[in-house]
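As a plain string of letters, each chain reads:
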Amino acid sequence: MVLKVYGHRISEPSRAVIIFCKIDFEEIQVEVLKGQQFSKEYGAIAPMRQIPAIVDGHLKLIESHAILIYLCCSFPGVASHWYPGDTQKRAKIHSILDWHHSHLRRGAAGLVYTTILAPLNDLRSFLQIVIQAEEILLRSLSELENVWLKLDGSFLGGSSQPSIADLSLSCEVMQLELLGEKDYHRILSPYKKVKKWIEDVRSATTPYFDEIHEYLFEYQKGIREQMATQSGKNKGRAKM
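To start, this report covers the structure provided alongside it. (Residues numbered from 1 in each chain as written. Predicted model: local features only at pLDDT ≥ 70, side-chain atom pairs only at ≥ 80, totals over all residues. Heavy atoms only, no water.)

## Quick look at the packing of helix H6 (residues 164–174) against helix H8 (residues 192–204)
As a reminder of what qualifies: A fitted line through C-alpha atoms represents every axis, and for helices the fit uses only the stretch in contact; the resulting angles, taken between N-to-C directions, go from 0 to 180 degrees. A helix here means a DSSP run of H or I that spans at least four residues, while a strand means a run of E at least two residues long, and both kinds are numbered starting from the N terminus. Working rule for angles: under 35 degrees goes down as roughly parallel, over 145 as roughly antiparallel, 65 to 115 as roughly perpendicular, anything else as oblique. Working rule for handedness: look at the near helix, and if it is turned counterclockwise from the far one by less than a right angle, call the crossing left-handed; if clockwise, right-handed. Contact criterion: two residues are considered in contact whenever any of their non-hydrogen atoms come within 4.5 Å of each other. Three residue categories are used. Nonpolar comprises Ala, Val, Leu, Ile, Met, Phe, Trp, Tyr, Cys and Pro, charged comprises Asp, Glu, Lys and Arg, and polar comprises the others, including Gly.
Viewed as axis vectors pointing N to C, H6 and H8 meet at an angle of 120°, and their least axial separation amounts to 10 Å. In terms of axis orientation, H6 runs oblique to H8. Handedness of the H6/H8 crossing: left-handed. Side by side, H6 and H8 meet where Asp166, Leu169, Ser170, Val173 and Met174 of the first sit next to Val194, Trp197, Ile198, Val201 and Arg202 of the second. Of the residues contributing to the contact of H6 with H8, the split by class is seven nonpolar, one polar and two charged.

See below:
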């Protein structure tokens, strides 16, 4: 029975799972921008109404970190560096993944949503929430740079090969591409190790990393065009 992966390539956790799935699988797109995750059919698979989710035979599984661990442990031929059998190495990967959800994801997803996605969908964005999200993001990028990438090695925790933690966190940082060009460079340019690490993950997962992120860059182009149009309209109103 073919593994079914439910997700959308605009979602950073979905991209991490899809990039990893070099095994035979069926990708089923959930149109989150149209609210398809709230359908009765998808709710039967993922009661929390979030993506990604997988169906493998009788198993229905949510949460990208849990999915990646399951895939590493359940499918033959998965290289051991993604999720090593050594318990100490696994513990380090788990600590990075736990940190991800409570730090980097809060900052990155929060900032992108409050500054880009909410305004484009006519939802109110509060300045204090924007400031808080950016503070969390900058603190998280600093910790990523100076803690997780501090040791020798190209990848998180000083490893010479990527793990599922590298895949998950790199897709999170890539979501910042949706920010305006000036904000993107202002926020990310100070973190040289982070930028090099992204390139190392990209090289280690070629061609899948670029292929799966094509949708993100297409969406980025549309967002920037839409923002430029809105900016022009606002300037026109200001002159009236």
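So much for the structure itself; the text now carries on.
## Observations regarding the sheet that holds strand S3 (residues 53–56)
Condition: By definition, two strands form a pair when at least two bridges between them are found by DSSP.
Reading across the sheet, the four strands line up as S2-S1-S3-S4 and stay open at both edges, with mixed pairing between neighbours. Unpaired on one side and paired on the other, strand S2 (25–29) and strand S4 (59–62) mark the two borders of the sheet. Mean inter-strand twist for the sheet, computed between neighbouring axes without regard to direction, equals 20°. Pairing analysis gives five bridges linking strand S1 (residues 3–7) to S2, with the strands arranged parallel. Bridge pairing in S2 places Leu3 opposite Phe25. Packing of helix H3 (residues 64–74) onto the sheet brings it into contact with S1, S3 and S4, and relative to S4 it is tilted by some 130°.

## As for the packing of helix H5 (residues 127–148) against helix H7 (residues 181–188)
Orientation of H5 relative to H7, taken along the N-to-C sense of each, is 45°, at an axis distance of 10 Å. By the angle between their axes, H5 is oblique relative to H7. Contacts from Glu134, Leu137, Leu138 and Leu141 in H5 reach Arg186, Ile187 and Leu188 in H7. Its residues assigned to classes, the contact of H5 with H7 shows five nonpolar, no polar and two charged.

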